[in-house]
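Here is what each chain is made of, one letter per residue.
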Amino acid sequence: MTSTATAQASPSSQTDMRQMANAIRFLAADAVDKANSGHPGMPMGMADVATVLWSKFMKFDPKAPTWADRDRFILSGGHGSMLLYAVNYLTGYDKITIEEIKNFRQLHSLTPGHPEVMQDAGIEMTTGPLGQGIATAVGFALAERMHAARFGADLVNHKTYVMCGDGDLMEGISHEACSFAGHMKLSNLVVMYDDNNISIDGDTSLSFTEDVLKRFEAYGWATDRVDGHDFDAIEGALAKAQSSDRPVLIACKTKIGFGAPNKQGTHGVHGSPLGSDENTAARAHLGWTAAPFEIPADILHAWRNVGTRNQAARVEWDKRLAASSAKAEFEKSYAVDCSDVVSAVMDDVRKAFATDKPKLATRASSGKVLEYLVPKMANLIGGSADLTPSNNTQTKASSVVSPASGYAGQYIHYGVREFAMGTIMNGLTLHGGFIPYGGTFMSFTDYARPAIRLAALMKQRAIYVMTHDSIGLGEDGPTHQPVEHLAALRAIPNLLVLRPCDAMETAEAWELALNNSTGPTILALTRQGVPAQRDDDLENKSARGAYILSEASSEPKAVLFATGSEVSLAMSAQKELESRSIPTRVVSVPSFELFRQQDDAYRASVCGSKAAIKVACEAGIRQGWDAIIGSDGAFIGMTGFGESAPAEILYRHFGITSEAIVEAVTKRV
């Protein structure tokens, strides 16, 4: 079998192809002009490549847009969004109507300035931050290979196609991800590089003079170079790519803004409307006589034929799936809700932790949770950015995904590529069939932050196992000690941040992360051991975000809030304060986000009266805590960077101690 789509309904001549490409060009130019905002240059320049790709090679069915075995297309240069919207309208996606094209870049339209994931409209992911499209495509391609290893080529046999530009390849993430793709021999990945020598500042010679093809050859890719306006050459290169044993980069030499006689080939057409005069001139230059937003019937008919040519293949695939003994397992791998499996596993985990009351680093507790989860969840795919022993992310059941293993397995060695790990995890979850988790040190979330943010924006489930979460990592010093990171991550909308205090909360955090199907999750985990605080196993208390861990002996005069490893300090402080006849409550706060979602009554019941003294303790900066303790509350934590020394010395040096908590309370009594 081949993933290359059949071509029986393909256009019959170069004239047909040129006019079909012009339909893309003028939908893009007209939409940008109407919005008075946007980027016409890339769609006009790559319209010929797009026409060949969709009409001759792409396996897709607009009437079954989420068909599991469709080819995936990623527009890495998301600023060229009108190319994708135009093609999706022309090929017949129901959601992308001509009215949506006319509403380009308008509030609540389905055609925003940069594509936003909407797979039932042919938009596989959100792109715009340059480099992340091509990098996430590596995850899509890897997911296909992994799924094929499990279910065979009869059910899984498709490609991931990418269009990228010079800006994508300037971004460092393109190196991380494309190096990984070459190492993994992802022969199902085909990248069409819009080699137009133009960036916003002007000619790319100002800043970008490397030999891109040699660079990719060094990664282990196959490369090719074609005239991006020669239909036969484009088709020949894409045909050759179908049988490659390596990922493929095709440099398509194009003119940005092709067809605009006074602006093509200049940076002036990159990010500005053509304007009425140049639009009119382009129409004359290319022989396009249709009015704005009108597509001649014969050209629209040709495009709609492109949209239907894979329907028979899709119907045959449906029949193969229906007859397959793996049908139930295949469909379950794509299921968003995994709560039934997770709940059953977590019951066993909580019982074990309640019995054993382990004193473990929460990273070690996380590793124990995974030992339960991984054998029961075949679609749970782990990995680490070259810190596997430190992150405790690989289990006894986790065999390694590699070309040598035929892409079977549940564990990925990402190498020292934190950002690429994040983008590839996004690709794995966007493709479907997998729930990815990946580990590194908490301080290195800075490297992965753009991928974390994009996962939050796209509402995709990706789980980050971030260990060594404070000055508690000790001697490695301030370069590795997170200080501002919790606050910075909590600032990202739709990101769930969980900092558990012991083994029981760690198990609860994993349950919450796996059931958080509409966004990514950060698990902030300690290097150092922490004592067990809980032995109850009946309720996931962390789901509330904050809860009373230890109640005061009577109406609390002081309420101590803490997260992670500092909860034990609050518990020690409570004992001392109670001995001084100061009734004190301890509240564990594993998640700001979940606590914020609770109703006012619950929040008030946890936080205590307004008169109660409120103290928070966390080995990070104060930012964000005032929403809980108020601006007049006391904070025991960090105000600057850390130092290199053993953990226990650092906690004393920076005044993060139970004695400091006691003093903060007694000063206010």
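The structure reproduced in this document is the subject of the present report. Per chain, the residues get numbers from 1 upward, laid out in the order the sequence is written. Note on the predicted model: pLDDT of at least 70 is required for a residue's local features to be given, and 80 or more for side-chain atom pairs to be given and counted; whole-chain, interface and lining totals, by contrast, use all residues. Each side-chain value is worked out from all heavy atoms of the structure, with water and hydrogens disregarded.

Our focus in this paragraph is the overall build of the chain. Secondary structure is summarised from DSSP: a helix means a run of H or I of at least four residues, a strand means a run of E of at least two, and numbering begins at the N terminus for each. On a plain count of helices and strands, the chain comes out with 26 helices and 20 strands. Compactness check: the chain gives a C-alpha radius of gyration of 28 Å against a globular reference of 26 Å for 669 residues, within 12% of the reference. Each residue gets one of three labels from its accessible area relative to the maximum for its type: buried under 20%, exposed over 50%, partly exposed in between, using a 1.4 Å probe on protein chains only. Out of the 669 residues belonging to the chain, those deemed buried represent 62%. Accessibility throughout is a Shrake-Rupley quantity obtained with a 1.4 Å probe, and a residue counts as covered only by protein chains that appear here. When the accessible surface of the chain is totalled, it reaches about 24000 Å², and 50% of it is carbon and sulfur. The chain carries 62 positive and 76 negative side-chain charges, and their two centres are separated by 2 Å. The reference for a compact globule is 2.2 Å times residues^0.38; the radius of gyration itself is calculated from the C-alpha atoms. In this tally, Asp and Glu contribute negative charge and Lys and Arg positive charge; neither His nor the terminal groups of the chain are included. Taken as the charge location is NZ of Lys, CZ of Arg, CG of Asp or CD of Glu.

In what follows, a disulfide is any cysteine sulfur pair within 2.5 Å. Counted by the stated rule, this structure contains zero disulfides. This cysteine, C178, is not joined by any disulfide, and C164 carries the nearest cysteine sulfur, 7.5 Å off. Here C252 is not cross-linked by a disulfide; its sulfur's nearest cysteine counterpart is in C164, at 9.2 Å. On the accessibility criterion, C252 (1% relative accessible area) is buried.

Take helix α21 (residues 567–579) next. It helps to recall that an α-helix has 3.6 residues per turn; residues three or four apart then point in one direction. With 13 residues, α21 should reach 18 Å at 1.5 Å per residue; the first-to-last C-alpha distance of 19 Å fits that figure. Taken together, the buried positions of α21 are occupied by V567, S568, L569, A570, M571, A573, Q574 and L577. The positive-phi residue at the C-terminal boundary of α21 is S581, with phi of around 65°. Expected span, for any helix, means 1.5 Å times one less than how many residues it has.

A few words now on the pattern of salt bridges. Note on definitions: salt bridges are taken to be side-chain nitrogens of Lys or Arg within 4 Å of carboxyl oxygens of Asp or Glu. According to the stated counting rule, one finds 33 salt bridges in the structure shown. Note that D536 and K541 form a salt bridge whose closest N and O atoms lie 3.6 Å from each other. Connected through salt bridges with shared partners, the residues E508, R534, D536 and K541 form a single ionic network.

Residues in a regular strand project their side chains so that they alternate between the two faces of the sheet. Within strand β3 (residues 189–195), seven of the seven residues are buried, leaving the element largely enclosed by the surrounding structure. Burial along β3 is two-sided: L189, V191, Y193 and D195 and V190, M192 and D194, pointing in opposite directions, are all buried. The pairing of strand β2 (residues 160–165) with β3 spans six bridges and is classified as parallel. When the sheet's bridge partners are listed, T160 is paired in β3 with L189. Note on pairing: two strands pair once DSSP finds at least 2 bridges between them.

Sheet architecture is open: six strands sit in the order β10-β9-β11-β12-β14-β13, paired in parallel fashion. One side of each edge strand has no neighbouring strand; the edge strands of this open sheet are β10 (411–413) and β13 (496–498). Ignoring strand direction, the axes of neighbouring strands in this sheet form an average angle of 20°. By definition in these notes, contact holds between two residues if any of their heavy atoms fall within 4.5 Å. Axis angles are defined between N-to-C directions and span 0 to 180 degrees, where every axis is a line fitted to C-alpha atoms and, for a helix, only to the segment in contact. In the packing of helix α17 (residues 418–431) onto the sheet, the strands contacted are β9 (380–384), β10, β11 (435–441) and β12 (463–467), and the crossing angle to β11 comes to about 170°.

What follows deals with unusual backbone geometry. Phi at N392 is positive, roughly 55°, even though this residue is not glycine. Within the fold, N392 resides in the loop between α16 (388–391) and β10. The exposure class assigned to N392 is partly exposed, which follows from its relative accessible area of 25%. Phi angles above zero are rare outside glycine, and S581 is one such case at about 65°. Its location among the elements puts S581 in the loop between α21 and β18 (584–588). Relative accessible area serves as the criterion here: at 59%, S581 is assigned to the exposed category.

Before going further, it helps to examine the nonpolar core. Counting residues in hydrophobic clusters, the biggest one holds 65 residues, and the most contacted among them are W54, I101, M163 and L238. Top element by residues in this core is helix α1 (residues 14–35). It accounts for 10 residues. When neighbours within four sequence positions are excluded, W54 is seen to be in contact with F60, F73, L83, L84, V87, W303, V306 and R309. Here, nonpolar core means buried Ala, Val, Leu, Ile, Met, Phe, Trp, Tyr and Cys residues that are tied together by side-chain atoms lying within 4.5 Å of each other. Membership of the second largest hydrophobic core comes to 63 residues, among which are V162, L213, F434 and A456.

Turning to the sheet that holds β18, a few remarks are in order. Strands sit in the order β16-β18-β17-β19-β20 across an open sheet of five strands; the sheet is mixed. With partners counted over all chains shown, the strands left at the sheet margins are β16 (547–550) and β20 (634–636), one partner each. The mean inter-strand angle of the sheet, taken between neighbouring strand axes irrespective of direction, is 30°. For strand β19 (residues 613–617) and β20, the ladder comprises three bridges, and the chain directions are parallel. Residue pairing in the sheet places V615 in a bridge with A634 of β20. On top of the sheet, α21 reaches β16, β17 (558–562), β18 and β19; it is set at about 170° to β18, its chief contact.

Here the focus is the environment of A282. By secondary structure assignment, the location of A282 is in helix α10 (residues 276–286). If we skip the residues at most four places from it in the chain, A282 touches F26, G259, A260 and P261.

Across the six residues of strand β7 (residues 248–253), five count as buried, placing the element largely inside the fold. The pairing of β3 with β7 spans six bridges and is classified as parallel. Its bridge partner being in β7, D195 is matched across the sheet by K253. Relative to β7, strand β6 (residues 222–227) is paired through six bridges, and the arrangement is parallel. Along β7, the bridge assignment pairs T223 with L249. Throughout, right-handed denotes a crossover for which the path from the first strand over the helix to the second runs clockwise when the strands point away from the viewer. Handedness of the crossover joining β6 and β7 through helix α9 (residues 231–241): right-handed.

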